[in-house]
Amino acid sequence: MTSSDWLCVILLPFTTTALAFPLGEFMAKVFNGSKTFLSPVIAPLERVLYRLFGVDEKEEMSWQTYALCLIIFNIIGIIIVFILQIIQGKLPLNPQKLGSVWWDTALNTAVSFGTNTNWQSYSGEQTMSHLTQMLGLTVQNFFSAAIGITVIIALIRGFVRKSSGSIGNFWVDLTRSILYVLIPLVMIWSLLLVSQGVVQTFSGSVTAQTLEGSRQTIAVGPVASQEAIKEIGTNGGGFFNANSAHPFENPTPLTDFLEILGLLLVPMALPFTLGAMLKNRRQGAAIFAAMLILYLAGLGVFAWSEMQGNPLLQKVGVINGLNMEGKEVRSGIINSVLFAQSTTATSCGAVNSMHDSMMPLSGLVLMFNMAIGEVIFGGVGTGLIGMLSYAMLTMFLAGLMIGRTPELMGKKLELFEMVMSVIIILSPAILLLLLSGIAVTTRAGLASLGNSGPHGLSEIIYAFASTSGNNGSAFAGLNANTVFYNLTTSGAMLVGRFSTIIPALAIAGSLANKKIVPASIATFPTTGLLFILMLIGVILVVGALTFFPVFTLGPLLEHLLMMTGKMF
Amino acid sequence: MLQLKRSLLTFFWLSLICGLIYPLAVTVTAQAVFPEKANGSIIKKGDQIMGSHLIGQLFTRPEYFHGRPQAPSPQYDAANSGGSNLGPSNAKLVAQAVARVQQVRLENGLPLNASVPADLVLTSASGLDPHISPMSAELQVRRIAGERNISENELKKIIQQNTEQPLLGIWGKERVNVLMLNLALDSIARNRR
């Protein structure tokens, strides 16, 4: 690695952390209902909206009501996106005259955007009208991210409140997430992106006459507005098929930096929100530290693996075997690595390079990031939920060792909380393995492969790790636009999403009901280095036990065979 | 039932904000402040649209600098973006690299055992990458000097003028925009006439 590569690796986490901390504090104020610097502008609008919604700002909800509202709201969204795609041919803002989307693709896309996954089995510029992109997909980008935030805020309230039957008001939390957090950030981001060359227009394609005299059709559209929320909301669904590798989504090094920064920002800020709401900032910092250590460790392995180059290519006369397949010159190797590590550690799934063409061990890191449940920063909201579930598991194990009822942040953890947190941790993992198993044993599953040998297995595992973790990036050699994959990945996305959200709300309700246990000499401190290391250990052990066999057969085997010069 | 009604109302009003007002506000602002960028950084000669600053074009003639090979077919179709998605151990990837390395050597009169820069023989992620590395551009200088009767030094100067630098010197890579290079070549040819 050159010295400028090292500077990139240092610059990114440093800048994001510096911005995430104040954002985290700001969000705590927003959801506590305190005044912020944006209140004078937004509060009046907020009050008007509550009147339009028929919502009483002061009303408090039990966890069951909160979950019910969330589910109804989410399902309406999925249905609307589905219908929009089916009837887009008859609707306005469709300059390319695109027709109705196939039912299985439309269902997959509706579920995908409704669950904050943004897995895309279609090619954006050839499938979706401008209206569908805006009113369907962009809207769900906001809503699914906002829903993620509401759930983590409810869970934090579970820890903060004592002997309370309620965890907040879903409608209020939802509205505040959008008005105070998402909209201001995306307004800034989208204009910065346009200033660099990301397109933003309602016109259809432009036709150019190239220097050599052929015709080139250049697809454009309202890209910047979707691009901004795609990153800020860790959604990841690109306007174009090539996603953030497309020069109109990501034209310069500055946009590259802004997009990685944007997709890390809110997930990185939420641990600080936790600290601020608990009035125990060291607790937020400890959780953040565990995430950061895992992020940097994965980044190290990944960068090393990708920097090695491809020995097969070196042998046939490519300088250093530099693995530029599926990468853009303006990004180069190291920024492609930083983007890929960040997009799989958070559940964003936007890509500025093609992950399928990454070196085998690089692919392994990406799959690990997703398979452990998207907890290294993770999705907006859902990442911290997963991490807190691991924290509960850690305290449970610590409790077993010292023979005391486990506690976390002043709340006793009992059977109900443990069952729920294990559901959060294990359901995506079980589903991933089960569906991969079905795919590798059926003709429908194998027919879609773009690569053979162990890399083919990696394509299948990646698809289900990505969808069950609600990430959305892909080893895109796999043709996922088939009835088999559209239906199985839809299932994975739905289970992955709701097996996190519903149990998290259940835990929130149960914890809010409990008293706060004052810290005593026998309390295991959850802010120190020992806790951080134990938490990381638990994540690594759970991940290794669950996925070691399948990772051995996929990326690890490919790596070993490649080193001996074998091709497939 | 109460929550269902609230759901529908909330959905309607928030959709309006996020799905219409927000993209409209961004479009209006973008078109007012950065009209050239917001419409795709289009390059025109008179009324004729030549292409976009940001989108690569296919160059096959010997008198032009060549860009990267691309995976989608036809190449450089800016309504169909994407990469090859060939895995690193895929025999097809290696076979393609062998053929392209050989082609680059033959076209540019390099020794038959010369190694070539990766970006010139491996496909990009977008299928539209407008850039190549300065090294890949310099490798083509001799061929173009012969074809166009321009001195190699002058060509190297053009490459230097069209080399874009990383952000703050660290973020991103040094790169040359192939379309801009070739436009510069054509304008020299016109001035001479």
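Parameters and conventions
Residues numbered from 1 in each chain as written. Chains lettered and ligands numbered in written order. Predicted model: local features only at pLDDT ≥ 70, side-chain atom pairs only at ≥ 80, totals over all residues. Heavy atoms only, no water. Helix = DSSP H or I, 4+ residues; strand = E, 2+ residues; numbered from the N terminus. Rg over C-alpha atoms; globule rule 2.2 N^0.38 Å. Buried < 20%, exposed > 50% of the residue type's maximum accessible area, 1.4 Å probe, protein only. Contact = heavy atoms within 4.5 Å. Patch = residues over 30% accessible without salt bridge, like charges linked within 9 Å, V, L, I, M, F, W, Y side chains within 5 Å. Areas by Shrake-Rupley, 256 points an atom, 1.4 Å probe, with all protein chains shown as cover. Salt bridge = Lys/Arg side-chain N within 4 Å of Asp/Glu carboxyl O. Buried area = accessible area lost by both parts, 1.4 Å probe. Polar contact = N/O pair within 3.5 Å; in protein donor to acceptor, adjacent residues only side chain to side chain. Domains from an automatic or database assignment. Axes fitted to C-alpha atoms, helices over the stretch in contact; angles between N-to-C directions. Parallel < 35°, antiparallel > 145°, perpendicular 65-115°, else oblique. Left-handed = near helix turned anticlockwise from the far one by under 90°. Nonpolar A, V, L, I, M, F, W, Y, C, P; charged D, E, K, R; others polar. Expected span 1.5 Å × (residues − 1). Pairing = 2+ DSSP bridges. Phe/Tyr/Trp six-rings, centres within 6.5 Å; stacked < 30°, edge-to-face > 60°. Lys NZ or Arg CZ within 6 Å of the ring centre and 35° of its normal. pLDDT = per-residue confidence, 0-100.

Trainee: Please explain the overall build of chain A as it appears in this structure.
Mentor: A tally of helices and strands in chain A yields 19 helices and four strands. Against the compact-globule benchmark of 24 Å for 568 residues, chain A has a radius of gyration of 23 Å, which places it among compact chains. By its C-alpha atoms, chain A is 75 × 55 × 50 Å across when sized along the principal axes. The burial tally for chain A puts 67% of its 568 residues in the buried class. Within chain A, counting contacts between residues at least 6 apart in sequence, those at least 24 apart form 79% of the total.

Trainee: Looking at this structure, I do not really get unusual backbone geometry. What am I missing?
Mentor: Most peptide bonds are trans, and most residues other than glycine sit at a negative phi. The peptide bond linking B:S73 to B:P74 adopts the cis configuration, its omega dihedral lying at -5°. Looking at the element boundaries, B:P74 is found in the loop between β2 (48-52) and α3 (91-108). With a phi close to 60°, A:N320 is a non-glycine residue in the positive phi region. Mapped onto the fold, A:N320 is located in the loop between α11 (311-315) and α12 (332-345).

Trainee: Would you mind showing me how to read a nonpolar patch on the surface here?
Mentor: All names here are of chain A. Judged by side-chain polarity, I71, I75, I79, I83 and I87 come together as a nonpolar surface patch covering roughly 390 Å² of accessible area. Along the chain, I87 turns up in helix α3 (residues 63-87). The class of I87 is partly exposed, set by a relative accessible area of 36%.

Trainee: What is the right way to look at the interface of chain B and chain A in this model?
Mentor: A common way to state how big an interface is: give the accessible area lost once the parts meet. Facing the 99 residues of chain B at the interface are 115 residues of chain A. Taken together, the two surfaces of chain B and chain A that pack against each other cover about 8,600 Å², and 67% of this comes from carbon and sulfur. There are three salt bridges connecting chain B and chain A. Its salt-bridge partner being A:D5, residue B:K173 comes within 3.3 Å of it at the nearest N-O pair. At the surface where chain B touches chain A, the tally comes to 43 residue pairs in polar contact (both at pLDDT 80 or more).

Trainee: Before we go on, may I ask you to explain the domain arrangement of chain B in this structure?
Mentor: Considered domain by domain, chain B is made up of domain 1 (1-39) and domain 2 (43-192). A separation of 40 Å is found between the C-alpha centroids of domain 1 of chain B and domain 2 of chain B.

Trainee: I keep staring at the packing of helix α10 (residues 281-307) of chain A against α12(A) and nothing clicks. Help me out?
Mentor: Between two packed helices, both the angle of their axes relative to each other and the distance between the axes serve to describe the pair. All names here are of chain A. Axis separation between α10 and α12 bottoms out at 10 Å; the angle between their running directions is 140°. The pairing of α10 with α12 is recorded here as oblique in orientation. Crossing of α10 against α12: the hand is right-handed. Contact residues: L294, Y295, G298, L299, F302, A303, E306 and M307 in α10; I333, I334, V337, L338, A340, Q341, S342 and A345 in α12. Grouping the amino acids of the contact of α10 with α12 by side-chain chemistry returns 12 nonpolar, three polar and one charged.

Trainee: Looking at this model, I keep getting lost on helix α6 (residues 130-160) of chain A. Mind explaining?
Mentor: The α-helix advances 3.6 residues per turn, and as a result positions three or four apart in sequence lie on the same side. Its 31 residues place the ends of α6(A) 44 Å apart at the C-alpha level, agreeing with the 45 Å of an ideal helix rising 1.5 Å per residue. Here α6(A) lies mainly inside the structure; 29 of its 31 residues are buried.

Trainee: Help me understand the packing of helix α4 (residues 103-114) of chain A against helix α18 (residues 483-512) of chain A in this model?
Mentor: Residue and element names in this part refer to chain A. Their axes nearest at 9 Å, the elements α4 and α18 cross at an angle of 20°. When the axes of α4 and α18 are compared, the pair comes out roughly parallel. For the crossing formed where α4 meets α18, the hand is left-handed. Two secondary-structure elements touch here, α4 through W103, D104, T105, L107, N108, V111, S112 and G114 and α18 through V483, Y485, N486, L487, T489, S490, M493, L494 and R497.

Trainee: Please clarify how the pattern of salt bridges should be interpreted in this entry.
Mentor: Pairs can form between side chains of opposite charge once their charged atoms are near each other. Taken as a whole, this structure holds 19 salt bridges over all chains when the rule is applied. Residues B:D186 and B:R148 are paired through a salt bridge, measuring 3.2 Å at the closest nitrogen-oxygen approach. Of this pair, B:D186 sits in helix α7 (residues 178-192) while B:R148 is found in helix α5 (residues 141-148), placing the two residues 38 residues apart along the sequence. Its relative accessible area of 18% is what places B:D186 among the buried residues. B:E164 is the salt-bridge partner of B:R175, the closest N and O atoms lying 3.4 Å from each other. Highlighted residues: B:R175 in strand β5 (residues 175-177) and B:E164 in strand β4 (residues 163-164), separated in sequence by 11 residues. Residues participating in the shared-partner salt-bridge network are A:E227, A:K230, A:E231 and A:E249.

Trainee: Can you help me understand the pairing of β2(B) in this one?
Mentor: Along any regular strand, the residues point their side chains to alternate faces of the sheet. Residues and elements named next belong to chain B. Among the five residues that make up β2, four are buried, leaving the element largely enclosed by the rest of the structure. For strand β1 (residues 42-45) and β2, the ladder comprises four bridges, and the chain directions are antiparallel. Pairing of K45 across the sheet is with Q48, part of β2.

Trainee: How should I be thinking about the packing of aromatic side chains in this particular structure?
Mentor: For any pair of aromatic rings, geometry is given as the distance between the ring centres together with the angle between the planes. Counted under the stated rule, the structure contains 22 aromatic pairs over all chains. With centroids separated by 5.4 Å and ring planes inclined at 75°, the aromatic side chains of A:F143 and B:F11 adopt a geometry described as edge-to-face. Of this pair, A:F143 sits in helix α6 while B:F11 sits in helix α1 (residues 2-33), which puts the two residues in different chains. Neither residue differs from the other here; A:F143 and B:F11 are each classed as buried. A network of ring pairs unites the aromatic residues A:Y66, A:F73, A:F143, A:F170, A:W171 and B:F11 as a single cluster. When the ring centre of A:F568 is taken as reference, the NZ or CZ atom of A:K566 above it lies at 5.1 Å. Above the face of the B:Y64 ring, B:R148 is positioned so that its terminal group lies 5.1 Å from the ring centre.

Trainee: What exactly am I supposed to notice about the environment of B:I158 here?
Mentor: Residues and elements named next belong to chain B. Residue position: I158 is located in helix α6 (residues 152-161). Along the sequence, I158 and N182 sit 24 residues apart, while their C-alpha atoms lie 9.7 Å from each other. Apart from the residues lying within four places of it in its own chain, the contact partners of I158 are L181, A184, L185 and I188.

Trainee: Help me understand the sheet that holds strand β3 (residues 131-132) of chain B in this model?
Mentor: Within a beta sheet, neighbouring strands are joined by backbone hydrogen bonds and run either parallel or antiparallel to one another. All names here are of chain B. Reading across from one edge, β3-β5-β4 is the order of the three strands in this open sheet, with antiparallel pairing throughout. With partners counted over all chains shown, the strands left at the sheet margins are β3 and β4, one partner each. Where β4 and β5 come together, two bridges link them in antiparallel fashion. In the sheet register, T163 faces β5, and the bridge partner there is V176.

Trainee: Whenever I open this one, the confidence of the model for chain A confuses me. Can you help?
Mentor: Low-pLDDT stretches of the model should not have their predicted coordinates read in fine detail. Overall, the prediction assigns chain A a mean pLDDT of 94, with 100% of residues at 70 or greater. Looking over chain A, one finds the lowest element-wise mean pLDDT in helix α5 (residues 124-127) of chain A, namely 78, and the highest in helix α7 (residues 170-196) of chain A, namely 97.

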